[in-house]
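# A closer look at the structure
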Amino acid sequence: MAKARLCDSPEDYKRYGVSPYNIEAWEDSRRGDFGKENWEWWYFDCILDDGTNAVIQFFADSQAVIKSKTPHPKFHIKVTLPDGTLYEESPTFDAKECSWGDAQCDVKYGKHHFTGNLKKYSIYVDPINGLGADLTLTSLSKPFRPGTGYFNFSSEDKFYTWFCVVPKGEVTGTLTIQGKKISVHGFGYHDHQWGNVNFLKEWNHWVWARQSFEDYSMLVFDMVSNQNTEFSRFPICFIQDKNGNIVFENTHNVKCEVLEEYHDDEASDKDYPKALHYIFENDGKKVDYTLKMGKILENNGVKNIKGARKFVIKAMGLNPSYTRYSATGDLILTTGNNEIKRSGNLIYEFMYPGETYKGHM
C-alpha cells in the first residue's frame, strides 16, 4: 500500500505552478474541474460581537450529485443566534446563472456572490425567505497553505487540497434575519478547497480548530488518512502574530494525548475525544495546546440521516459522522527562554469518516 503524502517537494511546486514563498490572488480562483468525483468550495465563517455565528459556503458542485459531468452549483447560509435559534437556506442554481473567475476569487450565483483578492472579500446573499447577508471580510493575517496545498492519495492523479486564505479577518456589514437588516461586527475566516476524490473514502478523521487571540491567531488541522493509505498523518499547525507573520509552522511532528473521551449514541455510535493535549515541535520552537470540548453545536451521522441518501452511504461501506463543538483552548508557545501563554474560547470540528480514531491520534 502507498501512503498519502503532502506535496511539498520542488517538483510538486513546479507541477502545480505555485511558489513555496509567495501566494497569489489567482490561487483563490476556480481551481477544480467538473466531472466524476470532482468538488470545490469557498468557505467563510464568523463569530460576531454579540455571539451570533454565521457560515456561508459556495459549492461549485452539490455533493449530492458529485459524480455528474455537469455542474450543480449551490450555496449554504447558516446563522445561529446566541440563544441557539438557527436560520438556514441552501438554494441550488442552474450553471447558466453562475460564473467563476480565473484571476481571483470571483464566484457569482445569480444575485449572490463571494469575491475577493486575498486581502478583502465581499460575501453577499440576496435575502431568501428573509435570510441574507452583505458582509465584508478584511484580512488581519496572511494566507497560508501547507506546501502546495495538495495531498496525494496512492497516486499523483488523486488529490485533496486545503488553502487557508484568511486565517483571521475583521467582519463588518449586515445580516438580514426574518426580513430585518441588522448591522454586525466580528471576526471571521475563509478557506478554499477542491479535489477529485471522495474525501469520506480517503480520510479516517480530522480535527480542525482555529483560535484567535488579541495578538496571535492559530490553526490546527490534524488529518489522518484511512487504512488504504496506512493512516498517514498530517499534523498541521501554524501561529501568526498580529501582523500576519508566521511565528510557528508545523506539518509533520506531533505528540497527542486523548485526556478524556465520550460515546455518541445519537448520531454515530462511535467514541470521540473530549479533551486533547497536543505538542508540536519544529525549528527549536514548541507549541503546547490543550483543547477541551464544551457544548455540542452540531452532530450528524448515519443514524440520523433519512431517506435514500442513508442507503447510498451504507452501500458504499461508509459510516461518516461530523460534530462541531464550542470549546476552550490553552496555548503555550515556547521559543528559547521566551514563553507565551494564551487562553480563550473557540469552535472546532471533528470530521469522522472512519470507524475509530483510536490508535491514530
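Before reading further, recall that the structure is shown in the block above.
The structure reproduced in this document is the subject of the present report. None of the values given here were measured: they were computed from a predicted structure. Starting from 1, residues in each chain are numbered consecutively following that chain's sequence as written. In keeping with the model being predicted, local features are shown solely for residues with a pLDDT of at least 70 and side-chain atom pairs are shown and tallied solely at 80 or more, while totals for entire chains, interfaces and linings include all residues. To obtain the side-chain values, all non-hydrogen atoms of the structure were used and water was disregarded.

We now examine the overall build of the protein. The helix and strand inventory of the protein stands at three helices and 23 strands. In summary, the protein has a C-alpha radius of gyration of 20 Å against a globular reference of 21 Å for 361 residues, a match within 12%. Along the longest, intermediate and shortest principal axes, the C-alpha atoms of the protein span 55 × 45 × 45 Å. Relative accessibility decides the category of a residue: with a 1.4 Å probe and only protein chains considered, values under 20% of the type maximum give buried, values over 50% give exposed, and everything between is partly exposed. Within the protein, buried positions represent 54% of all 361 residues. Every residue pair with non-hydrogen atoms within 4.5 Å of one another is taken to be in contact. When contacts within the protein are restricted to residue pairs at least 6 apart in sequence, long-range pairs at least 24 apart make up 60% of them. Per element, the accessible surface of the protein, about 16300 Å² overall, is 48% carbon and sulfur. Put simply, DSSP H or I for four residues or longer makes a helix, DSSP E for two residues or longer makes a strand, and each gets a number counted from the N terminus. Here the globule rule is a power law, 2.2 Å times the number of residues to the power 0.38, and the radius of gyration is based on C-alpha atoms. Per-residue and other accessible areas follow the Shrake-Rupley method at a 1.4 Å probe size, with only the shown protein chains counted as cover for residues.

Moving on: the nonpolar core. Counting 38 residues, the largest nonpolar core has F44, I56 and F114 as its most contacted members. At the level of secondary structure, the elements contributing two or more residues to this core comprise β2 (39-48), β3 (53-59), β4 (74-80), β7 (105-109), β9 (120-128), β10 (131-139), β13 (163-177) and β14 (180-195). The element that contributes the greatest number of residues to this core is β13, accounting for six residues. Every residue in contact with F114, bar those within four places of it in the chain, is listed here: W42, Y43, F44, I56, F58, C105, D106, V107, Y121, S122, I123 and H190. Definition of nonpolar core: a set of buried residues of the types Ala, Val, Leu, Ile, Met, Phe, Trp, Tyr and Cys, connected through side-chain atoms within 4.5 Å.

What follows covers the sheet that holds strand β17 (residues 233-241). When DSSP finds two or more bridges between two strands, those strands count as paired. Taken together, nine strands build an open sheet; the order of strands is β18-β17-β16-β15-β23-β22-β21-β20-β19 and the sheet is antiparallel. Each edge of the sheet is formed by a strand with only one pairing partner; in this case those strands are β18 (246-250) and β19 (255-264). The mean angle between the axes of side-by-side strands here comes to 15°, regardless of whether they run parallel or antiparallel. Whenever a helix is involved, its axis is fitted only over the stretch in contact; in every case the axis is a line through C-alpha atoms, and angles between N-to-C directions fall within 0 to 180 degrees.

In this fold, E202 is placed in helix α2 (residues 199-202). One polar contact links E202 to K158, side chain to side chain, over a distance of 3.4 Å. Leaving out residues up to four positions away in the same chain, E202 has contacts with F153, K158, V197, S225, N226 and T229. Polar contacts, as used here, are pairs of N or O atoms within 3.5 Å; protein pairs need one atom able to donate a hydrogen and one able to accept it. Residues neighboring in sequence count only if both atoms are side-chain atoms.

Further remarks concern the side chain of E27. By the element assignment, E27 lies in the loop between α1 (10-16) and β2. Owing to a relative accessible area of 2%, E27 belongs among the buried residues under this scheme. Of note is the side chain of E27, whose polar atom sits 2.8 Å from the side chain of R145. Ignoring sequence-local partners within four residues, the contact set of E27 consists of V18, N22, R145, F163, H192 and W194.

Now for unusual backbone geometry. Not every positive phi belongs to a glycine, and N129 is a case in point at roughly 50°. In this fold, N129 is placed in the loop between β9 and β10. Overall, N129 belongs to the exposed group, its relative accessible area being 69%. You will see that D283, though not glycine, has its phi angle at about 55°, which is positive. Its place among the elements puts D283 in the loop between β20 (270-282) and β21 (285-301). For D283, a relative accessible area of 67% gives the class exposed.

Glancing now at the packing of aromatic side chains. Classification of ring pairs rests on two measures: the distance between centres of Phe, Tyr or Trp rings, Trp counted by its six-membered ring, which must be within 6.5 Å, and the angle between planes, read as stacked under 30 degrees, edge-to-face over 60 and tilted in between. Counted according to the given criterion, the structure contains 40 aromatic pairs. On the numbers, 5.2 Å between centres and 50° between planes, the contact of F58 with Y109 is tilted. Of this pair, F58 sits in strand β3 while Y109 is found in strand β7, placing the two residues 51 residues apart along the sequence. Of the two residues examined, F58 and Y109, each falls in the buried class.

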